Amino acid sequence: PYHSLSLYRRRFGGTCMLLPKRSYGAMKLISGVIALLISVLCRVVVVRSLGVVKTLPTHRQSLNTCLTSSLQPSWWNSCDVSNLPYDSAIRVLVKYHETYGDLVIPRRFIVPATSEWPTEWHGVKLARHVYNRKWWTKHIAKKSDRVAQLNKIGFVWERMQPEWNLFMEAMVTYRSIYGDVMVPASFVIPRDNNEWSKGCWDLPLGNIVHRLRLRHDFLTGDTAIERKNQLDGLGFVWDVSEHNFLKFLTALRIFSKLEQEEHEHTIMASTIRVPSKFVVPSDDYRWPMILWSYPLGERCEYI
């Protein structure tokens, strides 16, 4: 980008790029925001590329300070809390328990920067540090008195499992409840639901499944084949588009077959005509249960 920006700078005398005006108010707003972002980014690239920061160290410091302050809050905690003593962790856990009534800490919970919470934990993702094998090994292992202390305030030991184990436990539970593992992308395991293990509460199961299909999360290293086989055993769908098409095709074939049986003595056209409001009946065992309540007519409208 340096060469292009240098040419632009010599030609127009700067790196402020303006987008053409639009007649619509929304487009003007969007164009203004984009122009501002491009201008800021281009100026940063040019300043660094031209070596200005090397000759003017105060500019580098000012620039880094500006970028840092704009990207994270002033109260953000940058210390390594894994080195804090056990008593410090207990104080923050007791405070969480007093505030929320349990220790089923959401994975995204960040300790508030208020006087009620221990200062050294401000801005820290609490669950990431206390439900951690390293923390367990360092502070809890072989110390029964601490185990009893944590049990007293409701420490969720299931959360100490590897993420893969929690994910598979959640998938098995989802299948037992819904009959399949076609987890919607927005699905988050509900709290205060005894059908689910406490260790799985608030787990963004749909998002994990989506990333698993997209990026093959968890499927690396020596355990990749074994884990893939575990998912296949649950009926995991790797290609949702193909699965949906095959489901539609199966429903269409059954509909055609049933229509032919009902009009056995009538000459029928080769074209399959499905009423737009036709839904597979949920009490007709001529249809597989997996297709019950399937809106076949609506799907045909999309084609």
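**Q** Any chance you could explain the environment of S176 here in plain terms?
**A** As for its placement among the helices and strands, S176 is situated in helix α9 (residues 163-178). Classification of S176 by relative accessible area gives exposed; the value is 60%. Taking the C-alpha atoms as reference points, S176 and E195, 19 residues apart in sequence, are found 9.7 Å from one another. A distance of 2.7 Å separates a polar side-chain atom of S176 from the backbone oxygen of T173.

**Q** Looking at this structure, I do not really get the nonpolar core. What am I missing?
**A** Nonpolar side chains in soluble globular proteins tend to end up buried together. Membership of the largest hydrophobic core comes to 50 residues, with the highest contact counts inside it found for L93, L126, F167 and L205. Among the elements of the structure, α5 (86-100), α6 (126-130), α9 and α10 (205-215) are those that each provide at least two residues to this core. With 7 residues, α9 is the largest single contributor of residues to this core. Those residues within four positions of L93 in sequence are excluded, and the remaining contacts are L103, I105, L126, V130, W135, L150, I153 and F155. In terms of nonpolar packing, the next biggest core, distinct from the first, is built from 13 residues, A251, L252, W287 and L296 among them.

**Q** Sorry, what's going on with α10 here?
**A** One turn of the α-helix equals 3.6 residues, which is why residues spaced by three or four share an orientation. L205, G206, I208, V209 and L212 are the residues of α10 that are buried. Buried residues in α10, looked at end-on, bunch into an arc of 165°, giving them a common side. Exposed residues lying more than 90 degrees from the buried face of α10 are L214 and R215. At its buried positions, α10 is contacted by α9 and α11 (224-233). Phi turns positive one or two residues past the end of α10, at H216, with a value near 55°.

**Q** Hey, could you run me through the pattern of salt bridges in this one?
**A** When their charged atoms lie close together, side chains carrying opposite charge are able to pair. Here the structure, examined in full by the defined rule, presents 8 salt bridges. Residue D102 pairs with R191 through a salt bridge whose shortest N-O separation is 3.5 Å. Placement of the pair is D102 in the loop between α5 and α6 and R191 in the loop between α9 and α10, with a sequence separation of 89 residues. The class for D102 is buried, based on a relative accessible area of 18%. In this structure, D217 engages R211 in a salt bridge whose closest nitrogen and oxygen atoms are separated by 2.7 Å.

**Q** It is not clear to me how the confidence of the model for the chain should be interpreted in this structure. Could you clarify?
**A** When pLDDT is low, close inspection of the predicted coordinates is not appropriate. Residues at a pLDDT of 70 or more form 73% of the chain, whose mean pLDDT is 81. Throughout residues 52-56 the model reports pLDDT below 50, and contacts reaching past four residues in sequence, or to other chains, amount to 4 contacts. A low-confidence stretch, residues 58-76 stays under pLDDT 50, and its non-local contacts, those more than four residues away or across chains, total 12 contacts.

**Q** Explain the packing of α5 against helix α8 (residues 144-152) here, please?
**A** The axes of two packed helices give the description: the angle between them and the distance between them. Packing of α5 against α8 brings their axes to within 11 Å, and their N-to-C directions diverge by 10°. By the angle between their directions, the pair α5 and α8 is classed as roughly parallel. The way α5 lies across α8 gives a crossing that is left-handed. Facing α5, whose interface residues are Y86, I90 and L93, α8 presents R146, Q149 and L150. By residue class, the composition of the contact of α5 with α8 is 4 nonpolar, 1 polar and 1 charged.

Definitions and cut-offs
- Residues numbered from 1 in each chain as written.
- Predicted model: local features only at pLDDT ≥ 70, side-chain atom pairs only at ≥ 80, totals over all residues.
- Heavy atoms only, no water.
- Helix = DSSP H or I, 4+ residues; strand = E, 2+ residues; numbered from the N terminus.
- Buried < 20%, exposed > 50% of the residue type's maximum accessible area, 1.4 Å probe, protein only.
- Polar contact = N/O pair within 3.5 Å; in protein donor to acceptor, adjacent residues only side chain to side chain.
- Core = buried A, V, L, I, M, F, W, Y, C linked by side-chain atoms within 4.5 Å.
- Contact = heavy atoms within 4.5 Å.
- Arc of directions from axis to C-beta.
- Salt bridge = Lys/Arg side-chain N within 4 Å of Asp/Glu carboxyl O.
- pLDDT = per-residue confidence, 0-100.
- Axes fitted to C-alpha atoms, helices over the stretch in contact; angles between N-to-C directions.
- Parallel < 35°, antiparallel > 145°, perpendicular 65-115°, else oblique.
- Left-handed = near helix turned anticlockwise from the far one by under 90°.
- Nonpolar A, V, L, I, M, F, W, Y, C, P; charged D, E, K, R; others polar.

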